[in-house]
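If you want the building blocks of each chain, they are given just below.
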Amino acid sequence: MNLEFGSEYDDFTKEVEKFCKEFSGATITKDDKKFEMHDALSGNASNSSGKSVGRSEWQKILIEKGFFARSIPKEYGGFGGEPDIIKSRIIAGAFAKYKVPNAMGGQGIDMLVPTLLEWGTEEQKQQYIESTLLGKTIWCQGYSEPNAGSDLASLQTKGELVDGNWVINGQKIWTSTAQFSQMMFCLVRTEPQASKHAGISFILIPMDTPGIEIRPLVDMTLKAGFNEVFFDNVTVPEENIVGKRGEGWSVANSVLGHERGSLANPNATLNRLNTLINLMKEETIDGRRLIDVASYRDRLLQIQGKVLAVQANSLRLLSAKINPGQNVKLGGMIQKLVGTELRHELEGLAIDIMGELGTLYEDDPNVRGGGSWQFTYMYFLGLIIGGGTNQIQKNIISERGLGMPREPKVQVEV
Amino acid sequence: MYFGLSEEQESIQDFVKKFLDDNATVDEIRKIANGEGEEIENNIFEGILNLGINTLLVPEEHRGLGAGLLHAVAVAQSLGSGIGPIPFVGSYVMAPIAINLGGSEDQKKNYLPKIADNAIRFGVGMSEFVGAREDAGIEFSKNKLNGRSLFVLDAEKSDFLILSDKSGGLFVIDSNAKGVVMNKLTTVDKTRTFHEILLKNVDAEILEKTLDNNEIAKKVIDAGRIILSADTLGASEAMVEKAVTYSKERKQFNRTIGSFQAVKHMCAEMAADLEPCYSLVWQAAHSYDTEEISSSRLLACQSKSHISEVAKMISKKATEVHGGMGFTDLLGLHYWFKRIGLNRQILGAPEIVREEAAELQGFNQ
Ligand SMILES: Cc1cc2nc3c(=O)[nH]c(=O)nc-3n(C[C@H](O)[C@H](O)[C@H](O)COP(=O)(O)OP(=O)(O)OC[C@H]3O[C@@H](n4cnc5c(N)ncnc54)[C@H](O)[C@@H]3O)c2cc1C
């Protein structure tokens, strides 16, 4: 066991810390609604007193410094550094410590960019990566359909190649941020004769293409987090396919694991724990601080134990990336399940200890934390369901992780 | 940067595990538990001592290995997973640490090499420092100890005892000295021994540096808690493995029960909650070995509390996966269930250590 990063990282750490001190407590100007959710979820500080920067400008600064898009090649708008997991860790640690706003995430940056780097043509990389990194092109993920949720591979939205164009008909649902997005990456059935998994292609669709209709769906947080998207003869050029025809399932799956890890970032969870501790020191009942109430305090400490455990687990995963061949057993596979449940529980504790005040929401003048406790409590229930439900996660852990037998196939009724 | 056990640590872990797999089968454990296995018990103890577990935490200058607590954690995991029916946490972790940190040079020279040479063995009683039940507690005056100490670890057949008073003074007595009465407690866990010690004017010496300084007692408790966490970790791992294995063999409704989602999900829940515990316990031990006290003490408290909660869930669900068989003495799953249950209460049950963790962080005024 050795948790030192080594002295060769001292200079780099100093550089990052210097930057972080300068931007400590900075806020991102809410130049666009689409970033609101991102900030609440990534644990970015609210009501702080530092500098204020626009989102795109902030992305640009971070890329120039190499604090974001670090290993993405320069010609695609990244920093162009060698991949260095320790440096990434140092950056994340210092940003959290000094409450510096994180770089933007989201489905474009977290999923589409790595997908294009792995599967995209040179033209696709040139065209999309830089503007995505700068937050100028927002992407949505068009996978789920009304009849294809957990059983995603049964999706039916159809794509036909007609005169060098894909003509797409069908419907997607639960499409997060579709109403703010410029582009969608979409799974479409293009090979109706092929088997379920082999008939799907991965296609990029500009959201202003004629024939697309977006109907926002209000979710339980009362924000319209996701949408229904209808396609009526939506026509995009043939070269908008990523990978070959029928390879869509593999293309999509190559980055799914990535999404699952990022849904429950342990650093964001730690930030929220610290915010919760402060809340418990500030709020009172009958003049007593909430943290002085033994039953509340015990629940806080129970959650702290879990947070420390997932933090330690992520250190072990980091170690496995640095030391190839290190076996971390189920350490990666459990992250989405454990992390989303933990975050939901943490946010729920804040509501419980505030009692009646915990029910206040939205713009009520007495609401605490800008309504973020209720919002995030509910939003994480959404993440328990989204990104592969936690029941599906348990299937994966038991079948692939523990080698337990699969469900017997049910005879299809005809 | 490397987060995990070293090759050396993994190898002693494997040795202990293999040894217990071969020599401490459930049938043998049952004989010991029923009081019919003294010879078996002695053989197991001797075999494991041959691996040098008594030397781990004795410094090199006193003829020990001078290894860190993480080394002992590696061993404790295997003892838990194989429900090793031997003294460890008291005799070979807390005692050498207490003497090394609290003893004068003479005391160290007197006791530590003998522990390393397996010439003497200690039992350790510190329950009253954590929280006294009933009227338990010991008083030291004029080099005599009086009083009562409960749940003393590894006292059976020990040569000496280290006992703590309520304020963290640590005292050494001869287990066979005049005025010492040892009553073996009947607990649910029959794989290890726990004693009530009654003292009447017993000759005692104080570990010199613990006079008016309870920091040493706290450090000893930290180490004990981390080792108990590791023992629970190992026992939990074994229970999950047994549940998964059984679910792949047992058939009902013409299917292996492991293909039922209710069973699969119980197993996934156990595995998912257990996996981060390895990291937590290892980090606690590493930080005990390297860092300043405050963060390692928090981790010691939190690993003891967190793994105890996770293990309680596991010991229940793993039993359920086995159906009626899980409830039988025949299968012996209950030995793991009880070991986990006992570790949970010793040296501070979850609520108690969480309260200490809160105090450490200045939460409660
Ligand atoms: C907040 C949020 C954001 C989302 N964003 C997007 C997005 O941007 N793009 C996108 O394409 N999709 C998105 N989704 C959709 C998400 O991927 C699906 O909701 C999810 O995969 C579940 O599908 P479903 O809703 O059809 O539920 P169903 O699959 O119908 O599941 C219903 C219940 O049945 C259980 N179940 C189903 N199959 C099994 C099985 N084999 N074993 C055990 N239990 C099973 C589920 O666990 C669940 O409890 C989002 C969802 C949420 C909640």
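A. Looking closely at the nonpolar core. Judged by nonpolar contacts, the single largest core of 141 residues is most densely connected at Leu 276 and Leu 300 of chain A together with Leu 69, Phe 88 and Phe 122 of chain B. For Phe 88 of chain B, the residues in contact, after removing those within four places along its chain, are Ile 53, Leu 56, Ala 72, Val 75, Ala 76, Leu 79, Val 93, Asp 154 and Ile 227 of chain B. Counting 53 residues, the second-largest nonpolar core is a separate cluster that includes Ile 129, Phe 185, Val 242 and Leu 256 of chain A.

B. The packing of aromatic side chains, seen in detail. All names here are of chain A. Counted by the stated rule, this structure contains 19 aromatic pairs over all chains. Centre to centre, the rings of Phe 67 and Phe 95 are 6.1 Å apart; their planes meet at 85°, and the pair counts as edge-to-face. Remark: Phe 95 occurs in helix α4 (residues 85–97) and Phe 67 occurs in the loop between α3 (55–65) and α4; sequence separation between them is 28 residues. By relative accessible area, Phe 67 is classed as buried at 8%. With relative accessibility at 3%, the residue Phe 95 sits in the buried group. Considering the side-chain rings of Tyr 143 and Phe 185, the 5.8 Å spacing of their centres and the 80° angle between planes classify their relative orientation as edge-to-face.

C. A look at the side chain of Ser 131 of chain A. Residues and elements named next belong to chain A. Of note, Ser 131 is situated in helix α6 (residues 122–133). Within the local environment of Ser 131, its side chain forms a polar contact with the backbone oxygen of Tyr 128, the two atoms lying 3.4 Å apart. Only 2.6 Å separates the side chain of Ser 131 from the side chain of Thr 137, close enough to count as a polar contact.

D. Just the site of the ligand, in detail. Close contacts around the ligand come from 19 residues, with Gln 141, Ser 150, Trp 174 and Thr 389 of chain A together with Gln 261 of chain B the closest. Neighbouring residues of the ligand are not confined to one chain but are distributed across chains A and B. Gln 107 of chain A places a polar side-chain atom, nitrogen or oxygen, 3.2 Å from an oxygen atom of the ligand. For the ligand, an oxygen atom lies 2.9 Å from a polar atom in the side chain of Gln 391 of chain A. Here the ligand has 970 Å² of accessible area as a free molecule, and 67% of this is covered by the chains. Among the secondary structure elements, those contributing two or more residues to the shell around the ligand are α12 (372–385) and α13 (390–401) of chain A. A per-element tally of the shell around the ligand places α13 of chain A first, with three residues.

Thresholds applied
- Per chain, residue numbering runs from 1 following the sequence as it is written.
- For naming, the first written chain is A and the first written ligand is 1, with later ones following in the order written.
- Local features in this predicted model are restricted to residues whose pLDDT is 70 or higher, and side-chain atom pairs enter the listing and the counts only when it is 80 or higher, whereas totals over whole chains, interfaces and linings include all residues.
- Side-chain descriptors were evaluated using all non-hydrogen atoms of the structure, hydrogens and water having been removed beforehand.
- Nine residue types can take part in a nonpolar core, namely buried Ala, Val, Leu, Ile, Met, Phe, Trp, Tyr and Cys, and a core is a set of them joined through side-chain atoms within 4.5 Å.
- Only protein chains enter the area calculation, which uses a 1.4 Å probe; residues under 20% of their type maximum are buried, those over 50% are exposed, and those in between are partly exposed.
- Throughout, a contact is declared for two residues whenever any of their heavy atoms are within 4.5 Å.
- In summary, the pairing rule links any two rings of Phe, Tyr or Trp, Trp by its six-membered ring, whose centres are within 6.5 Å, and it sorts them by plane angle into stacked for under 30 degrees, edge-to-face for over 60 and tilted for everything else.
- Only DSSP runs of H or I covering at least 4 residues are called helices, and only runs of E covering at least 2 are called strands; the numbering of each starts at the N terminus.
- Throughout this description, a polar contact denotes any pair of N or O atoms lying within 3.5 Å of each other; where both atoms belong to protein, one of them has to be capable of donating a hydrogen while the other can accept it, and for residues adjacent in sequence the pair is counted only when both atoms sit in side chains.
- Note on definitions. A residue lies near a molecule or strand when any single heavy atom of the residue is within 4 Å of it.
- What sets the accessible areas is the Shrake-Rupley method with a 1.4 Å probe; for residues, cover comes only from the shown protein chains.

Geometric values such as these leave the question of function open.
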